[in-house]
Amino acid sequence: MQTIMPDIADTAEALQTGTLDWVGMGNIELPLLFSSKGLSDTTVIAKADAFVNLYNEQAKGIHMSRLFLALDTLSCEQTLTPTTLKQVLESFIASHQDLSNAAKVVLSFELPLRRPSLLSGKQGWKSYPVTITASLINNHYQLEVSVDITYSSTCPCSAALARQLIQQAFTEQFAQQQLNFEQVHDWLGSTQGIVATPHSQRSVANIKVKLPSDSQEFDILALINSTENELKTPVQAAVKREDEQEFARLNGQNLMFCEDAARKLKALFEVSHYQDYYIKINHYESLHAHDAVAYAVKGLAQGYQV
Ligand SMILES: Nc1nc2c(ncn2[C@@H]2O[C@H](COP(=O)(O)OP(=O)(O)OP(=O)(O)O)[C@@H](O)[C@H]2O)c(=O)[nH]1
């Protein structure tokens, strides 16, 4: 004879009645086959947070296992696309009749991309932290992609101060002298010539964008490429000396405060097709022990806030 197991989610009384905005599970380990325009489908190990609301004030709780199993179907039988993600949310709600009418899922993973070197024609892996957040609320599907893009920022103030020291050193070396091309050329290539260097820092742009709700595919490559092209100094994967020299040139030609980086990206996303955007710039200062930070959003009434 089969034992009937108690199912308290259905039968027990709630200790305290009331509705809840989101209830579910966090940090579910979930291998997924991520599909995005211009990339081969890539297996990523995601951490998933899965939620439904609880509008039934009397119900003891939701059915966690139903959320987990819907995610497992996504992992084992489907590729991750805007369409399959919506199906997951629909299944969350359908499996919680009389309990829930809204669903949300957050997937975080590292996306490894092959990135070309600046000049040498080599390639290497660079990993981008990606978070995809999808929700289905009042039948409205919302899709957000967030990515962290690491780049180098060289301080324009420090560069000006370094140039001044170089000028002073030049004056000390060559004042009262007839200028000799060879002498100056050699001096410029010496450590006395470049007597000071500006500080630069590894910096991170955290970008979030809202995709149109009828998006058929992700296009993370376009988001990453357009951001890196705008900043000009993304952190590199494969680097030979010629690449390092080009990186030095790009840094010197793209000096930036955190305000410059934020304004450049704001201008980029203002003319993009994304419905909304959020930019957080972090310059992890090497001059200070604290960071330089700037935010920008599109400024929609119901949109991202800073
Ligand atoms: N709702 C809820 N469930 C929890 C919590 N912590 C652990 N669980 C467990 O999640 C498990 C799965 O719950 P259900 O989805 O209702 O499992 P089930 O009754 O076997 O599945 P169904 O037959 O589909 O309802 C249960 O064993 C719960 O005890 C919690 O904080 N809230």
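None of these values were measured; they are calculated from a predicted model.

Things to note about the site of the ligand
Here is step 1 of the chain: What surrounds the ligand is the set Asp7, Ile62, His63, Met64, Ser65 and Arg66.
Here is step 2 of the chain: Contact distances for the ligand include 2.8 Å between an oxygen atom and a side-chain N or O atom of His63.
Here is step 3 of the chain: Broken down by class, the residue content of the shell around the ligand amounts to two nonpolar, two polar and two charged.

What about the sheet that holds strand S1 (residues 20-34)?
The strands making up a sheet associate through hydrogen bonds between their backbones, and the pairing can be parallel or antiparallel.
Here is step 1 of the chain: In space, the nine strands of this open sheet follow the order S3-S1-S2-S4-S5-S6-S7-S8-S9, with mixed pairing throughout. The strands lining the two open edges of the sheet, one partner per strand, are strand S3 (79-80) and strand S9 (292-297).
Here is step 2 of the chain: Bridge count between strand S4 (residues 102-116) and strand S5 (residues 123-137): 15 bridges; the pairing is antiparallel. Bridging across to S5, Arg115 finds its partner in Gly124.
Here is step 3 of the chain: The strands touched by helix H8 (residues 258-270) are strand S6 (140-154), strand S7 (200-211), strand S8 (276-283) and S9; relative to S8, the strand with the most contacts, the crossing angle is about 160°.

Section: the pattern of salt bridges
Here is step 1 of the chain: For the structure on display, the rule yields three salt bridges.
Here is step 2 of the chain: Across the salt bridge formed by Glu246 and Arg249, the nearest N and O atoms sit 2.8 Å from each other. In this pair, Glu246 and Arg249 both sit in helix H7 (residues 241-253), three residues apart, roughly one turn of the helix.
Here is step 3 of the chain: Given a relative accessible area of 45%, Arg249 falls into the partly exposed group.
Here is step 4 of the chain: Through salt bridges with shared partners, a single ionic network connects Arg115, Lys126 and Glu228.

Points about the UniProt feature "site: May be catalytically important" (unreviewed entry) in the protein chain
Here is step 1 of the chain: Sites flagged by UniProt as "site: May be catalytically important" (unreviewed entry) map to Cys155.
Here is step 2 of the chain: Among the residues examined, Cys155 registers a relative accessible area of 9% and is labelled buried.
Here is step 3 of the chain: When near neighbours in sequence (up to four residues on either side) are disregarded, Cys155 contacts Pro198, His199, Met256 and Phe257.

Let's talk about the confidence of the model for the protein chain
Here is step 1 of the chain: Per-chain confidence: the protein chain averages 96 in pLDDT, with 100% of residues scoring 70 or above.
Here is step 2 of the chain: Quick note on the complex model: pTM equals 0.93, ipTM equals 0.89.

A closer look at the packing of helix H6 (residues 220-231) against H8
Here is step 1 of the chain: Two elements in contact, H6 and H8, have axes whose closest approach is 10 Å; the angle formed by their N-to-C orientations is 135°. The angle between H6 and H8 falls in the class oblique. Considering only the axes of H6 and H8, their crossing is right-handed. Here Leu223, Ser226, Thr227, Glu230 and Leu231 of H6 come into contact with H8, specifically with Ala261, Lys264, Leu265, Leu268 and Phe269.
Here is step 2 of the chain: In terms of residue class, the contact of H6 with H8 is built from six nonpolar, two polar and two charged.

Side note on the packing of aromatic side chains
One pair of aromatic rings is described through two measures. These are the centre distance and the angle between the planes.
Here is step 1 of the chain: What the rule picks out here adds up to 10 aromatic pairs.
Here is step 2 of the chain: Seen from their ring centres, Phe269 and Tyr274 are 6.0 Å apart, and the 50° between their planes marks the pair as tilted.
Here is step 3 of the chain: We classify Phe269 as buried; its relative accessible area is 1%.
Here is step 4 of the chain: Owing to a relative accessible area of 9%, Tyr274 belongs among the buried residues under this scheme.
Here is step 5 of the chain: Through successive ring pairs, a cluster of aromatic residues spans Phe34, Phe109 and Phe218.

How each quantity is defined
- Residue indices follow the written sequence of each chain, beginning from 1 at its first position.
- Whole-chain, interface and lining totals are the exception, using all residues; otherwise, since this is a predicted model, local features are given only for residues with pLDDT of at least 70 and side-chain atom pairs are given and counted only at 80 or more.
- To get the side-chain values, all heavy atoms of the structure are used, and hydrogens and water are removed first.
- Residues are counted as near a molecule or strand when any one of their heavy atoms sits within 4 Å of it.
- In protein, a polar contact means a hydrogen-donor-capable atom and an acceptor-capable atom, both N or O and within 3.5 Å, with residues adjacent in sequence counting only if both atoms are side-chain atoms; elsewhere, any N or O pair within 3.5 Å suffices.
- Three residue categories are used. Nonpolar comprises Ala, Val, Leu, Ile, Met, Phe, Trp, Tyr, Cys and Pro, charged comprises Asp, Glu, Lys and Arg, and polar comprises the others, including Gly.
- At least two DSSP bridges between two strands are needed for those strands to be called paired.
- Only DSSP runs of H or I reaching four residues or more are called helices, and only runs of E reaching two or more are called strands; each is numbered from the N terminus.
- The contact criterion used is simple: two residues touch if any of their non-hydrogen atoms lie within 4.5 Å.
- Interaxial angle, 0 to 180 degrees, is taken between N-to-C directions of lines fitted to C-alpha atoms, where a helix line uses only the stretch in contact.
- In the sections that follow, a salt bridge refers to a side-chain nitrogen of Lys or Arg positioned within 4 Å of a carboxyl oxygen of Asp or Glu.
- Under the scheme applied here, a residue whose accessible area is under 20% of the maximum for its type counts as buried, over 50% as exposed, and between as partly exposed, the area being computed with a 1.4 Å probe on protein chains only.
- UniProt positions are given in the numbering used here, feature names are shortened, and annotations may be inferred rather than shown by experiment.
- pLDDT runs from 0 to 100 and stands for how confident the predictor is about each residue.
- Here roughly perpendicular refers to angles of 65 to 115 degrees, roughly parallel to angles under 35, roughly antiparallel to angles over 145, and oblique to all remaining angles.
- Helix crossings fall into two classes, left-handed where the near helix is turned counterclockwise from the far one by less than a right angle and right-handed where it is turned clockwise.
- Stacked, tilted and edge-to-face are the three classes assigned to paired rings of Phe, Tyr and Trp, where Trp is represented by its six-membered ring and a pair needs centres within 6.5 Å; plane angles under 30 degrees give stacked, over 60 edge-to-face, the rest tilted.

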